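Take a look at the letters that make up each chain.
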Amino acid sequence: MAVATINKAYRLASREGHPQDTVVRVGNLVIGGPQFVVMAGPCAVESEDQLLAAARAVAARGALVLRGGAFKPRTSPYDFQGLGEEGLRLLAEARALTGLPIITEVTDSEDVELVARYADILQIGSRNMSAFRLLQKAAHSGKPILLKRGFQASIKEWLLSAEYILAHGNDQIILCERGIRTHDCEFTRNTLDLAAVPVLKRETHLPVIVDPSHGTGRADLVRPMCRAALAVGADGLLIEVHPDPTQALCDGQQSLSPDGFASLMSELMVLAPPAGRYVRG
Ligand code: PEP
Ligand code: MN
């Protein structure tokens, strides 16, 4: 007689016990359904002018969620750290202007309540994938959570981090592949592990998106990796777009211009239907 046990360490995240896809709902937006969801905006919120220009540009070209970091987890303490709560206020202003829901990173468990007051989706960054107290607090906020892969994390460790959120009562989780540390930094910042997408689609019911900006570190590689992400079954993308990438305070070299984003979106609109998806025009 078959015994109905779930053999996976990540029993709630596993498809074994939950064969149907989980979809994440943000207002009317559904992530993990037939619509290929593009989230876009600057790496960091820098100023009102910068953010509103980025927000208008991505909204006009079919992005469905606006991204922007207010609390930036920078490798160096001397780099721009983000505008903090002022950045959150600007994101709320951009949401009011464009109607786009906003995703922004929370880097510390003490900031979860504050960030959750403004954000529609909480982003947990690569450096914090294993910050278990942060995962628990974020789960309890009741907000959808985008969980990035730690840049040194295995897929199993990543799923166990998602398991923390599920075990704390929140199943509104989007997994985001953003590249893993590479031995060859000459041409790319990270190795974008696109094989993780079909692996995750088999292993878990949670939606999966791809961040080709951090995944490659180079604006010219973003578009080919977006095509690839769509082809391997990702549910969407997280992309950095800056009104003037040459002036960006953070990650300008991997940010698309508004024109670059526009041509990417036109291409995705054509490529989505053969991949069984659609991209809003
Ligand atoms: C980001 O998306 O702004 C970011 C900091 O990415 P990651 O956590 O993947 O480095
Ligand atoms: Mn960035």
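Residues numbered from 1 in each chain as written. Chains lettered and ligands numbered in written order. Predicted model: local features only at pLDDT ≥ 70, side-chain atom pairs only at ≥ 80, totals over all residues. Heavy atoms only, no water.

**Things to note about the sheet that holds strand β3 (residues 37-41)**
At step 1: A barrel is described by the order of its strands in space; here eight strands give the closed sequence β3-β4-β5-β6-β7-β8-β9-β10, paired in parallel fashion. Across the sheet, the mean angle separating the axes of adjacent strands is 25° when strand polarity is ignored.
At step 2: With two bridges joining them, strand β9 (residues 208-210) and strand β10 (residues 236-240) adopt parallel strand pairing. Within the sheet, the bridge partner assigned to Val210 lies in β10 and is Leu237.
At step 3: Each of β7 (145-148) and β8 (173-177) touches helix α5 (residues 155-167); the most contacted strand, β8, lies at about 160° to it. (Pairing = 2+ DSSP bridges. Helix = DSSP H or I, 4+ residues; strand = E, 2+ residues; numbered from the N terminus. Axes fitted to C-alpha atoms, helices over the stretch in contact; angles between N-to-C directions. Contact = heavy atoms within 4.5 Å.)

**Description of the coordination of the manganese ion (ligand 2)**
At step 1: At this site the manganese ion (ligand 2) is bound by Cys43 (SG), His214 (NE2), Glu240 (OE) and Asp251 (OD), with donor distances of 2.0 to 2.4 Å.
At step 2: All donors of the manganese ion (ligand 2) belong to a single chain; written as a sequence motif, their spacing is C-x170-H-x25-E-x10-D. With a gap of eleven residues between them, Glu240 in strand β10 and Asp251 in the loop between β10 and α9 (258-271) connect regions that are remote in the sequence. A single burial state applies to Glu240 and to Asp251, both of which are buried. (Donors = N, O, S within 2.8 Å, 3.2 Å for Na, K, Ca; no water. Buried < 20%, exposed > 50% of the residue type's maximum accessible area, 1.4 Å probe, protein only.)

**Side note on the site of ligand 1**
At step 1: Around ligand 1, the structure places Arg67, Lys72, Pro73, Glu105, Gln123, Gly125, Ser126, Arg127, Lys148, Arg178 and His214.
At step 2: One of the side-chain nitrogen or oxygen atoms of Arg67 is found 2.7 Å away from an oxygen atom of ligand 1.
At step 3: A distance of 2.8 Å is found between an oxygen atom of ligand 1 and a backbone nitrogen or oxygen belonging to Ser126.
At step 4: Out of a free accessible area of 300 Å², ligand 1 has 96% covered by protein chains.
At step 5: Broken down by class, the residue content of the shell around ligand 1 amounts to one nonpolar, four polar and six charged. (Near = heavy atom within 4 Å. Polar contact = N/O pair within 3.5 Å; in protein donor to acceptor, adjacent residues only side chain to side chain. Areas by Shrake-Rupley, 256 points an atom, 1.4 Å probe, with all protein chains shown as cover. Nonpolar A, V, L, I, M, F, W, Y, C, P; charged D, E, K, R; others polar.)

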